[in-house]
Amino acid sequence: MTRVRKVLIVGGGIGGLSLASGLRNRGIEVDLVEVKKEWTVYGVGIIQQCNVIRAMAQLGLADRFLGAGFAYENVGLYTAEGHLLQMLPGVRAAGPEYPANLGISRLALHQVLSSTAAERGTSIRLGLTVEHLAQDPEGVSVTFTDGTQGRYDLVVGADGLFSKVRSMVFGKELKPRFTGQAVFRHNFPRPPEIDHLAAFYGRHHNAGLCPLSKDLMYLFVTSSEPGNPWMPEVRLAELMRDRMKEFGGIIGRLRDQITDPKQVVYKPMEVIFVPEPWYRGRVVLIGDAVHATTPHLGQGAGMAIEDAVVLSELLEEEAPVEALLSRFMQRRYERCKFIVESSIQIGDWEMQGASNADRTGIVKKMMEVTAQPI
Ligand SMILES: Cc1cc2nc3c(=O)[nH]c(=O)nc-3n(C[C@H](O)[C@H](O)[C@H](O)COP(=O)(O)OP(=O)(O)OC[C@H]3O[C@@H](n4cnc5c(N)ncnc54)[C@H](O)[C@@H]3O)c2cc1C
């Protein structure tokens, strides 16, 4: 029985980069391949809750992470007209040392994760992916799309919603499903009063404002889009304004400033939850490749980062790979399942206009679950 000494990570997104940092902390050799030639991410933001801040601390990244975003505590619930209904105080559920929440621009997060992974000695190659995987009991032989080859103790598919590794190793029939909703997003300068997450509930749509830095915030609007229609980029500003018709107050004022379609980021909500186990021999999937969720609980990236913490911790041990991956499943499966199923449930309630739905109950449960150690 030998330790895992060399790992290939396929996908340089949030999960793959977090894993690279975690593995390098433990002296494990890491090659990472990212299919994009120009390695960048779209510029709106992301909400990270206290469990994610704790996970970043476990990766040795808390200071950089907190320094690159906007830490906040509370969540305000508002009417569509912008009147405050309730201010929910943040709960430092992962420990008093961590703020309840962090808003961070995706670009800033990518910068933190990619620079740390590189500084810690990850070998990163851009503009390529895996072409062929052949495994035997001792390792995986990989052929890349540029014809080069490598031999690894473990291959990790961290290649997101449309994972190539998943379809190569787990079968092409596992495909994401459109839930019926989509999200429009746009950045704005941050006014001082948006120092918390502000959620606005309309009759047909929900909107939110999340602080990202001293100067920046992002606006998101959730809408039902039956049939997942194609949204031409040139019409995105007009379509986003349309989905915001029912809002007054600050959201109404921001609506009138949405004029450049290039500043609008549109994403249909697509989900997948792969039945356990998430590994076949020496190939394992993490993040959106196996448990892509809707954003209703703001935990998708959080689960990918937690996967990275747990996997890097386990791979330090001297044990058969099969045993380590089985323990990975024990620590990750139910937690991720709860997040994916609960998020989908909230989206379904929104689409049904279910007025008696217990959204607050699910959010409370999510906070209890994610506060538990991973
Ligand atoms: C509208 C919306 C809002 C969201 N808001 C939040 C939020 O507030 N909080 C939160 O925690 N999460 C949120 N999420 C979820 C979050 O974005 C994802 O869960 C997270 O990005 C998953 O990380 P990942 O590394 O698994 O995948 P990704 O971040 O998608 O990274 C995958 C990487 O793999 C690369 N890749 C793809 N195919 C290949 C290949 N064949 N070979 C090599 N590389 C490849 C991609 O280019 C990419 O760099 C949101 C998602 C959506 C859609």
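Preceding block: the structure.
Residues numbered from 1 in each chain as written. Predicted model: local features only at pLDDT ≥ 70, side-chain atom pairs only at ≥ 80, totals over all residues. Heavy atoms only, no water.

Participant: I'm lost on the packing of aromatic side chains in this one. Help?
Facilitator: For any pair of aromatic rings, the description consists of the separation of the ring centres together with the inter-plane angle of the planes. Counted according to the given criterion, the structure contains six aromatic pairs. Geometrically, the ring pair formed by Y218 and F220 is tilted, given 5.8 Å between the ring centres and 45° between the ring planes. For the pair formed by Y218 and F220, the shared burial category is buried. Plain terms: the ring middles of F273 and Y333 are 5.2 Å apart, the flat faces sit at 55° to each other, and that makes the pair tilted. With F273 in strand β17 (residues 265-273) and Y333 in helix α10 (residues 321-352), this pair connects stretches of sequence that are 60 residues apart. An aromatic cluster is present here, built from F273, W278 and Y333 joined pairwise through their rings. We note R125 situated over the ring of F144; from NZ or CZ to the ring centre the distance is 4.7 Å. (Phe/Tyr/Trp six-rings, centres within 6.5 Å; stacked < 30°, edge-to-face > 60°. Buried < 20%, exposed > 50% of the residue type's maximum accessible area, 1.4 Å probe, protein only. Helix = DSSP H or I, 4+ residues; strand = E, 2+ residues; numbered from the N terminus. Lys NZ or Arg CZ within 6 Å of the ring centre and 35° of its normal.)

Participant: I'm lost on the packing of helix α9 (residues 300-315) against α10 in this one. Help?
Facilitator: When two helices pack together, their arrangement is given by the angle between their axes and by how far apart the axes lie. The contact between α9 and α10 brings their axes to 10 Å, and the two run at 165°. With respect to their mutual orientation, α9 and α10 come out roughly antiparallel. Pair α9 / α10 crosses with right-handed handedness. Residues M303, E306, D307, V310, L311, E313, L314 and L315 of α9 form the contact with α10, whose participating residues are L324, L325, R327, F328, R331, R332, R335, C336 and I339. Tallied by class, residues from the contact of α9 with α10 come to ten nonpolar, no polar and seven charged. (Axes fitted to C-alpha atoms, helices over the stretch in contact; angles between N-to-C directions. Parallel < 35°, antiparallel > 145°, perpendicular 65-115°, else oblique. Left-handed = near helix turned anticlockwise from the far one by under 90°. Contact = heavy atoms within 4.5 Å. Nonpolar A, V, L, I, M, F, W, Y, C, P; charged D, E, K, R; others polar.)

Participant: I'm lost on α10 in this one. Help?
Facilitator: Side chains that are three or four residues apart share a direction in an α-helix, a result of its 3.6 residues per turn. The end-to-end C-alpha separation of α10 is 45 Å, in line with the 46 Å expected for 32 residues at 1.5 Å each. One or two positions beyond α10, positive phi appears at G353, with a value near 60°. (Expected span 1.5 Å × (residues − 1).)

Participant: Before we go on, may I ask you to explain the site of the ligand in this structure?
Facilitator: Neighbouring the ligand are 30 residues; G15, E34, I47, T129 and D288 lie closest to it. Between G15 and the ligand, the recorded distance is 2.7 Å, taken from a backbone N or O atom to an oxygen atom. Here an oxygen atom of the ligand sits 3.0 Å away from a polar atom, N or O, in the side chain of R106. In the complex, 86% of the free accessible area of the ligand, which totals 990 Å², lies under the protein chains. Contributing elements (two or more residues each) for the shell around the ligand: α1 (14-25), β2 (29-34), β3 (45-49), β13 (177-189) and α9. (Near = heavy atom within 4 Å. Polar contact = N/O pair within 3.5 Å; in protein donor to acceptor, adjacent residues only side chain to side chain. Areas by Shrake-Rupley, 256 points an atom, 1.4 Å probe, with all protein chains shown as cover.)

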